[in-house]
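What the coordinates show
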Amino acid sequence: MQQATQVGKEMKAMQEELRNKRVKGSAGAGLVEAICTGHGELVSINIDPKLIADGDKDLIEELIPQAVNEAQAKGKQLHQEMMQSVTSGLNVPGLDEAMSQFGQ
């Protein structure tokens with residue numbers, strides 16, 4: 001029971017850390033960059049001024065989701081890695097399988 005309490009505290013601290021961590025995704029050779037939290041929440045989008053000056057609306061609209069998706073995927077990966085580090089050493093049947101599904 002004491003181990004479960006400790007894991008709960010670590011999980012809460014990990015959630016806060018993920019909220020403060022930033023991951024970056026990019027598209028179009030860096031013309032568009034998306035910044036997300038470790039939870040995958042979008043924080044900002046940076047678009048190269050040359051891309052805006054060129055006025056290629058279709059390209060911008062194509063690159064934004066690519067950059068966001070990459071950043072969110074990195075956030076999920078970070079989240080999964082941190083969850084595994086918190087739960088390592090616990091002997092709970094099915095925990096590894098549940099954790100692998102969590103990151104998808």
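Read on for a plain summary of the structure. Because the structure is a prediction, the values reported are computed rather than measured.

1. Points about the packing of helix 1 (residues 2-20) against helix 3 (residues 57-87)
Direction vectors running N to C along helix 1 and helix 3 enclose 160°, while the axes themselves pass 10 Å from each other. The pairing of helix 1 with helix 3 is recorded here as roughly antiparallel in orientation. Here helix 1 and helix 3 pass one another in a crossing that is right-handed. Contacts between helix 1 and helix 3 involve Val7, Glu10, Met11, Met14, Gln15, Glu17 and Leu18 on the former and, on the latter, Leu78, His79, Met82, Met83 and Val86. The residue inventory of the contact of helix 1 with helix 3, partitioned by class, reads eight nonpolar, two polar and two charged.

2. A few points about a negative patch on the surface
Together, Asp54, Asp56, Asp58 and Glu62 make up a region of like negative charge exposed at the surface. By secondary structure assignment, the location of aspartate 58 is in helix 3. You can call aspartate 58 exposed: its relative accessible area is 59%.

Rules used in this analysis
Residues numbered from 1 in each chain as written. Predicted model: local features only at pLDDT ≥ 70, side-chain atom pairs only at ≥ 80, totals over all residues. Heavy atoms only, no water. Axes fitted to C-alpha atoms, helices over the stretch in contact; angles between N-to-C directions. Helix = DSSP H or I, 4+ residues; strand = E, 2+ residues; numbered from the N terminus. Parallel < 35°, antiparallel > 145°, perpendicular 65-115°, else oblique. Left-handed = near helix turned anticlockwise from the far one by under 90°. Contact = heavy atoms within 4.5 Å. Nonpolar A, V, L, I, M, F, W, Y, C, P; charged D, E, K, R; others polar. Patch = residues over 30% accessible without salt bridge, like charges linked within 9 Å, V, L, I, M, F, W, Y side chains within 5 Å. Areas by Shrake-Rupley, 256 points an atom, 1.4 Å probe, with all protein chains shown as cover. Salt bridge = Lys/Arg side-chain N within 4 Å of Asp/Glu carboxyl O. Lys, Arg positive; Asp, Glu negative; His and termini not counted. Charge placed at Lys NZ, Arg CZ, Asp CG, Glu CD. Buried < 20%, exposed > 50% of the residue type's maximum accessible area, 1.4 Å probe, protein only.

Function cannot be inferred from these measures alone, as they are strictly geometric.
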